[in-house]
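Residue-level listing of the chains:
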Amino acid sequence: MATISKLANSSPAASLSPSFSFTSRSSAPVCFVDFRAKASFLARAASSKLSVRSRQPMTRFLVVRCVQSTGNGSPLKKTTLHDLYEREGQSPWYDNLCRPVTDLIPLIESGVRGVTSNPAIFQKAISSSNAYNDQFRGLVQSGKDIESAYWELVVKDIQDACKLFEPIYDKTDGGDGYVSVEVSPRLADDTKGTVEAAKWLHKVVDRPNVYIKIPATAPCIPSIKEVISNGISVNVTLIFSLERYEAVIDAYLDGLEASGLSDLSRVTSVASFFVSRVDTLIDKMLEKIGTPEALDLRGKAAVAQAALAYQLYQKKFSGPRWEALVKKGAKKQRLLWASTSVKNPAYPDTLYVAPLIGPDTVSTMPDQALQAFIDHGSVGRTIDSNVSEAEGIYSALEKLGIDWSYVGNQLEVEGVDSFKKSFDSLLDTLQEKANSLKLVSL
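Residues numbered from 1 in each chain as written. Predicted model: local features only at pLDDT ≥ 70, side-chain atom pairs only at ≥ 80, totals over all residues. Heavy atoms only, no water.

Engineer: Would you mind showing me how to read helix α16 (residues 404-436) here?
Structural biologist: It helps to recall that an α-helix has 3.6 residues per turn; residues three or four apart then point in one direction. Compared with the 48 Å implied by 1.5 Å per residue over 33 residues, the 48 Å span of α16 between its first and last C-alpha is a close match. For α16, the capping residue at the N-terminal end is Asp403, with a side-chain oxygen 2.9 Å from the backbone nitrogen of Ser405. (Helix = DSSP H or I, 4+ residues; strand = E, 2+ residues; numbered from the N terminus. Expected span 1.5 Å × (residues − 1). Polar contact = N/O pair within 3.5 Å; in protein donor to acceptor, adjacent residues only side chain to side chain.)

Engineer: Can you walk me through the nonpolar core in this structure?
Structural biologist: As a rule of thumb, nonpolar side chains are buried together in soluble globular proteins. Within the largest apolar cluster, 129 residues are counted, with the highest numbers of intra-cluster contacts made by Leu104, Tyr150, Ile158, Tyr245, Leu256, Ile282 and Leu397. Looking at this core element by element, the count peaks at 13 residues for helix α6 (residues 146-171). (Core = buried A, V, L, I, M, F, W, Y, C linked by side-chain atoms within 4.5 Å. Buried < 20%, exposed > 50% of the residue type's maximum accessible area, 1.4 Å probe, protein only.)

Engineer: Could you clarify how one ought to interpret helix α9 (residues 242-258) in this entry?
Structural biologist: Compared with an ideal rise of 1.5 Å per residue, which puts 17 residues at 24 Å, α9 spans 24 Å between its outermost C-alpha atoms and is within 8% of the ideal. Considered for burial, the residues of α9 that qualify are Leu242, Arg244, Tyr245, Val248, Ile249, Ala251, Tyr252, Leu253, Gly255 and Leu256.

Engineer: Would you explain the pairing of strand β9 (residues 234-239) in this entry?
Structural biologist: Within a regular beta strand, the side chains point alternately toward one face of the sheet and then the other, so they alternate between its two faces. For β9, the buried fraction is high: six of the six residues fall into the buried class. As defined by bridge partners, strand β8 (residues 210-215) adjoins β9 across four bridges and the pair is classed as parallel. Within β9, the residue paired with Lys213 across the bridge is Asn235. Regarding the hand of the β-α-β motif, the stretch spanning β8, helix α8 (residues 221-229) and β9 is right-handed. Handedness of the crossover joining β9 and strand β10 (residues 269-274) through α9 is recorded here as right-handed. (Pairing = 2+ DSSP bridges. Right-handed = clockwise from strand over helix to strand, strands pointing away.)

Engineer: Explain the sheet that holds β10 to me, please; I cannot follow it from the model alone.
Structural biologist: The strands that make up a sheet are held in pairs by hydrogen bonds between backbone atoms, and each pair lies either parallel or antiparallel. If you trace the seven strands from one edge of the open sheet to the other, you get β6-β12-β11-β10-β9-β8-β7, paired in parallel fashion. Edge positions in the open sheet fall to β6 (90-94) and β7 (179-182), since each of these has one partner strand only. Across this sheet, the average inter-strand angle for adjacent strands is 30°, counted without regard to direction. Running over the sheet, α9 touches β9, β10 and β11 (334-338) and is turned about 175° from β10. (Axes fitted to C-alpha atoms, helices over the stretch in contact; angles between N-to-C directions. Contact = heavy atoms within 4.5 Å.)

Engineer: Is there a simple way to think about the packing of α9 against helix α12 (residues 301-316) in this case?
Structural biologist: Helices that pack against each other are described as a pair by the angle of their axes relative to one another and the distance between those axes. Relative to each other, α9 and α12 sit at 30°, their axes nearing to 10 Å. The orientation of α9 with respect to α12, classified from their angle, is roughly parallel. The handedness of the crossing between α9 and α12 is right-handed. Only Gln305, Leu308, Ala309, Leu312, Tyr313 and Lys316 of α12 make contact with α9, whose side of the interface consists of Leu242, Tyr245, Glu246, Ile249, Asp250 and Leu253. (Parallel < 35°, antiparallel > 145°, perpendicular 65-115°, else oblique. Left-handed = near helix turned anticlockwise from the far one by under 90°.)

Engineer: Which parts of the structure should I look at to understand unusual backbone geometry?
Structural biologist: Of all residues except glycine, most have a negative phi; of all peptide bonds, most are trans. Note that the residue after Arg99, namely Pro100, is joined by a cis bond; omega there is -5°. Unlike most non-glycine residues, Asp206 shows phi in positive territory, near 55°. Relative to the assigned elements, Asp206 resides in the loop between α7 (191-205) and β8. By relative accessible area, Asp206 is classed as exposed at 56%. Positive phi outside glycine occurs at Asp360, with the angle close to 60°. Counting through the fold element by element, Asp360 comes out in the loop between β11 and β12 (361-365). Residue Asp360 is classed as partly exposed on the basis of its relative accessible area, which comes to 38%.

Engineer: Explain the packing of helix α2 (residues 80-88) against helix α14 (residues 367-376) here, please?
Structural biologist: Two elements in contact, α2 and α14, have axes whose closest approach is 8 Å; the angle formed by their N-to-C orientations is 85°. With respect to their mutual orientation, α2 and α14 come out roughly perpendicular. Contacts between α2 and α14 involve Thr80, Leu81 and Leu84 from the former and Leu370, Phe373 and Ile374 from the latter. Of the residues contributing to the contact of α2 with α14, the split by class is five nonpolar, one polar and no charged. (Nonpolar A, V, L, I, M, F, W, Y, C, P; charged D, E, K, R; others polar.)

Engineer: Even after reading the chapter, I still don't get the packing of aromatic side chains, so can you show me in this structure?
Structural biologist: Any pair of aromatic rings gets described here by the distance separating the centres and the angle formed by the planes. Here the structure, examined in full by the defined rule, presents 15 aromatic pairs. Between Tyr178 and Tyr211, the ring centres sit 4.0 Å apart and the planes meet at 15°, which makes this aromatic pair stacked. On the criterion of sequence distance, the pair formed by Tyr178 in the loop between α6 and β7 and Tyr211 in strand β8 is long-range, its members being 33 residues apart. Residue Tyr178 is classed as buried on the basis of its relative accessible area, which comes to 1%. Here Tyr211 falls in the buried class, since its relative accessible area comes to 1%. Ring centres of Phe273 and Trp337 lie 6.2 Å apart, and the angle between their planes is 80°; on these two criteria the pair is classed as edge-to-face. (Phe/Tyr/Trp six-rings, centres within 6.5 Å; stacked < 30°, edge-to-face > 60°.)

If you want it as structure tokens, here you go:
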């Protein structure tokens with residue numbers, strides 16, 4: 001499965017047989033545990049006072065803080081991810097999914113409480129693995145076209161992942177434990193097509209803890225309202241600006257009000273606010289301006305805007321309108337921090353996680369961000385610790401000529417285009433695979 005790693009490109013053909021060395025530690029022990037190690041080994045490592053390190057390159061490991069086993073012999077494993085949720089009310093999710101889905105189990109035990117996926121993730125998973133071949137062969141032999149076969153591969157992974165996270169969903173009464181699957185990126189400008197695709201995905205996945213991902217493009221804002229009004233839970237993705245984020249919140253509220261449901265407790269949503277990509281674009285603009293003031297603001301725009309998004313979240317989910325929905329069981333549309341991996345190696349590797357910790361939020365992290373935060377992240381409420389500074393940064397950028405609307409629109413275009421390319425590339429790969437198997441020729 002995908003790994004928590006400090007190496008960007010781990011080889012799928014790498015040996016799965018761990019080789020270990022053991023060293024004592026006097027303070028809280030740390031275990032580096034191979035994701036594919038047997039459960040019996042994980043239990044022994046978790047209850048030991050030893051540091052476990054592989055001699056292999058660190059491409060398949062999860063850091064856990066080991067503590068003494070309980071009285072009945074069951075190991076306890078506490079990580080910063082547990083602290084994140086238990087102390088600060090932020091849910092850590094994993095931004096990746098591939099087969100075997102059971103490799104998520106160690107992550108769940110480490111404190112991960114949900115999963116996000118997107119076309120790029122599935123493109124990488126399916127094109128780089130043989131784990132999908134048997135199902136794909138059977139689908140094509142049964143007469144499925146390439147795109148239909150793709151969706152069946154995806155739906156199976158989502159269903160299997162939902163099953164693993166269902167205990168969290170049940171324990172939190174539908175508050176957590178979700179797995180997200182995105183509608184086709186080809187529908188980003190198609191209001192009605194997005195609604196129909198969302199309904200179809202919701203029906204075929206048929207799991208209570210699935211989130212249907214819909215992009216926050218202007219044509220899809222009405223789609224979000226309609227899908228929510230049909231009682232379908234939604235992950236709204238590709239949000240890059242405060243203006244569009246407010247439109248997303250309004251679509252959620254409008255959808256709840258239009259649903260006609262007397263019990264709204266099972267209709268939930270997250271709003272995926274993208275972070276690191278904002279700095280990637282604005283940093284280039286600041287470097288072009290070139291003044292000392294501009295250069296000093298590099299790496300600060302994304303977190304500042306995210307902090308202001310949280311202020312907007314608190315404002316919109318309060319007051320008479322919201323209270324009327326709460327009486328019907330409505331739950332807040334949580335802010336989800338997405339694009340949390342650091343693109344600039346000069347920045348701290350927890351830059352888009354550590355400053356955005358706050359209650360009723362989600363942070364979805366790919367391998368590197370998750371590894372970094374488990375390894376050396378600090379847990380404490382930070383999202384609103386210095387709102388005035390965030391406001392100052394936001395305004396200073398405007399004074400330098402940074403147009404936040406342009407930034408949001410440009411990143412949205414790039415995001416949609418990237419997902420379309422991943423989707424089309426995967427379909428091409430599947431077609432080639434089908435042709436190589438001499439199963440179909442279209």
